[in-house]
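# Chains, contacts and geometry: an overview
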Amino acid sequence: MTEKLLQYLWNYKVFKHFDFKDIEGNPVEIIQFGKWNKNAGPDFLDAKIKINGLVIAGNIELHVRSSDWIFHNHSQDPNYSNIIFHVVFQHDIEISELTGKNVPTLELKDYIDENILGKYEKLVDENKFIACESIFNKDKIPIFFHEENILKKLEEKSLELEQSLTLHKNNFEAVLFHSFAYSFGLKVNAFIFRQIAESIDYSIINKIRQNPFQLEALLFGISGWLDHPKDEQMKIWKREFEFIRVKFKIPDLKLHPKFLRLRPPNFPTIRLSQLADLYFRHQNLFSKIIGVRNAAQIYEVFTPIKASEYWDTHFNFGTVSKVQPKTLSKDFMDLIILNTVLPLKYTYHKYHSEEAAEEIIELYKNITAEKNSVIQNWKNLGVNITNALETQSLIYHHKNLCEEKNCLTCSIGFKLLKES
């Protein structure tokens, strides 16, 4: 038994019966179990009980053992001065302070189904893809499970974007540029790409975006790739970069993206060139992103994007490869839509449009389901997966609940635990 599980059982009223009696044998009626307090202070607030014909209102504290009251130093804490009920799994000692205040103690040990304890112990001890793998049942996935997960994820992402907006004086276009840079960097270069984007005042991007060579040169120069040109095209980029650096008084900052363990199509050279092309082709990119209403319109924004002509025969500087235009794959488009476009649309619209959340959820449903090891494991458990709403939801759920073994806050775990 853990205190967290005890709180969970009390909050959801998971008991064999409710004919409670305190340790003195007095019947206790729980009129209000209280509000679960997950911050400092008593575990349940604004509770109400009836004992010996008297109704008492106040707070309830739960412990695995009565002696935990002493070990947790509650006697000296004024936050616990309004305790009306001490609920424990096992009553091991008398607490004179509580006895002196006529605070009753309830021992829950005989009111809890042992099967639940056994299930919980098995869950937290399991070392599998998900703790409940051996008892998992896809039919226990609640209705609107995926929608609720996506809204939680969007809200978390929205808070990050709002912090960035505060830092950049509510400039949505600048924050969009930084977010796109992060997504184009993938896992290996995400933070470096965002650093590169944030190191440039967005007003400079706006001024040079009509010239794709200058925009490309700026990104390559800050990446530290143009110091020693290997061919004629690099010399052109170097001249453009030096001109821009002097004109706009850009600090001599060098941030070095990584190539290690990347497939050639994902080399930072290719991705930065594609990012430059995105901003060259769409001079009103932010307005387009905010205005799209369906998946087809979103894909229209990204389908024409490709790295510049030099990269048709290169993956890295100075090394010629066979001709292959470097366009955006469907999988990569899906990635930047899921990681950048939809979170920003949600953040922009959530204070202005009540329908925004529903529209964005529909967009998730119209994007292809992702393929990765986490999703495959869910499929192996019999979960039907058809679109990105479900894959994004299941990835989020696995990361935030399953990996952390937060089975007590899991809506699926709640149903599985309650079953006998």
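Located above this text is the structure these notes cover.
Residues numbered from 1 in each chain as written. Predicted model: local features only at pLDDT ≥ 70, side-chain atom pairs only at ≥ 80, totals over all residues. Heavy atoms only, no water.

### Looking at the pairing of strand 4 (residues 54–65)
Note that strand 3 (residues 44–51) and strand 4 share 6 bridges and pair antiparallel. Of the residues in strand 4, the one forming a bridge with K50 is V55. Hairpin geometry of strand 3 and strand 4 is characterised by an intervening segment of 2 residues between the two adjacent antiparallel strands and by a positive phi of about 55° at N52. As defined by bridge partners, strand 4 adjoins strand 5 (residues 83–90) across 6 bridges and the pair is classed as parallel. Residue pairing for strand 5: N59 is matched across the bridge by I83. (Pairing = 2+ DSSP bridges. Helix = DSSP H or I, 4+ residues; strand = E, 2+ residues; numbered from the N terminus.)

### Regarding the nonpolar core
One broad trend across soluble globular proteins is that nonpolar side chains are buried collectively. If you look at the biggest cluster of nonpolar residues, it comprises 77 residues, and the most contacted ones within it are F180, L218, L275, L278, Y279, F302 and L342. When residues of this core are assigned to their parent elements, the largest contribution, 9 residues, is made by helix 14 (residues 330–349). Aside from chain neighbours lying at most four places away, what touches Y279 is E173, L176, F177, F180, Y202, I205, R209, L215 and L285. Counting 30 residues, the second-largest nonpolar core is a separate cluster that includes V14, I84, L408 and L417. (Core = buried A, V, L, I, M, F, W, Y, C linked by side-chain atoms within 4.5 Å. Buried < 20%, exposed > 50% of the residue type's maximum accessible area, 1.4 Å probe, protein only. Contact = heavy atoms within 4.5 Å.)

### Re helix 1 (residues 3–11)
Of all 9 residues in helix 1, 7 are buried, a share of seventy percent or more. Residues of helix 1 that are buried: L5, L6, Q7, Y8, L9, W10 and N11. A positive backbone phi angle near 55° is found at K13, which sits one or two residues after helix 1.

### A closer look at the packing of aromatic side chains
Across all of its chains, the model carries 37 aromatic pairs by this definition. For the ring pair F177 and Y202, a centre distance of 5.9 Å and an interplane angle of 50° mean the geometry is tilted. Pair noted here: F177 is in helix 6 (residues 172–184) and Y202 is in helix 8 (residues 202–208), with a separation of 25 residues, a long-range link. Assigned by exposure class, F177 and Y202 land together as buried. By the ring-pair criterion, three or more aromatic residues cluster together here, those being F220, W225, W237, F259, F267, Y310, W311 and F317. Between K13 and the ring centre of F33, over which it is positioned, the NZ or CZ distance is 4.9 Å. The residue whose ring lies beneath K326 is F315, and the NZ or CZ to ring-centre distance is 4.4 Å. (Phe/Tyr/Trp six-rings, centres within 6.5 Å; stacked < 30°, edge-to-face > 60°. Lys NZ or Arg CZ within 6 Å of the ring centre and 35° of its normal.)

Nothing here speaks to function; it is geometry throughout.
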